[in-house]
Amino acid sequence: MEKHGVVPDVIPAAPKAVLKVSYPSGVVVNEGNELTPTQVKDVPTVSWTADSGALYTLCMTDPDAPSRKEPTYREWHHWLVGNIPGNDVAKGETLSAYVGSGPPEGTGLHRYVFLLYKQNGQLTFTEPRLTNTSADNRGCFSIQKFAEKYKLELVAGNLYQAQWDDYVPLLYKQLGA
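Remember, predicted model here, so these are calculated numbers, not experimental data. (Residues numbered from 1 in each chain as written. Predicted model: local features only at pLDDT ≥ 70, side-chain atom pairs only at ≥ 80, totals over all residues. Heavy atoms only, no water.)

Turning our attention to the pattern of salt bridges. Counted by the stated rule, this structure contains eight salt bridges. Put simply, Asp 9 and Arg 74 hold a salt bridge, and the shortest N to O gap is 3.5 Å. With Asp 9 in helix α1 (residues 6-9) and Arg 74 in the loop between β5 (55-62) and β6 (76-85), this pair connects stretches of sequence that are 65 residues apart. Between Asp 64 and Arg 111 there is a salt bridge, with the nearest N and O atoms lying 2.6 Å from each other. Taken together, the positions of Asp 64 in the loop between β5 and β6 and Arg 111 in strand β8 (residues 110-118) put the pair 47 residues apart, joining distant regions of the chain. (Salt bridge = Lys/Arg side-chain N within 4 Å of Asp/Glu carboxyl O. Helix = DSSP H or I, 4+ residues; strand = E, 2+ residues; numbered from the N terminus.)

Here the focus is the packing of aromatic side chains. Scanning the entire structure with this criterion turns up 10 aromatic pairs. For the pair Phe 141 and Phe 146, a centre-to-centre distance of 5.9 Å together with 45 degrees between the ring planes defines the contact as tilted. You can call Phe 146 buried: its relative accessible area is 4%. Here the aromatic residues Tyr 23, Trp 79, Tyr 98, Tyr 112, Phe 114 and Tyr 160 are joined through ring pairs into a cluster of three or more. (Phe/Tyr/Trp six-rings, centres within 6.5 Å; stacked < 30°, edge-to-face > 60°. Buried < 20%, exposed > 50% of the residue type's maximum accessible area, 1.4 Å probe, protein only.)

This is the structure in structure tokens:
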């Protein structure tokens, strides 16, 4: 996380554990490897060693929107799920439905950061619920401020990098752009 500048751009310190993230396309997230938007268009499987009876929050965020040089919309969050029992993401409360990578053409590599937080118990989230058919309310997010608001403890993370490919215009159409 330090090597790719996620610390301090997104979080103040790196988590101790690495999240396992794999996509239906067959690719695996590996601490900053480069993947394509086509490879990561579908919801991934995320796994970790969960504490018995614990609840978790999972986030995927892009600190490089619209580009790493000019991150005007830092962070643009792609996925946010809370109240995850153990490591069963499907049983969590989806706050923001998954949206794959969509870096604008010519903006170079973007970092896509997965962060997992342990909760102190069941939470009632006040954020609007976001679908995967709109980009509204996704930009200018801060997972750090969100974590502070809900007193979340960072426990694991991972990241990949991606740049524009010809899937991106299809994603923009899905988002109504």
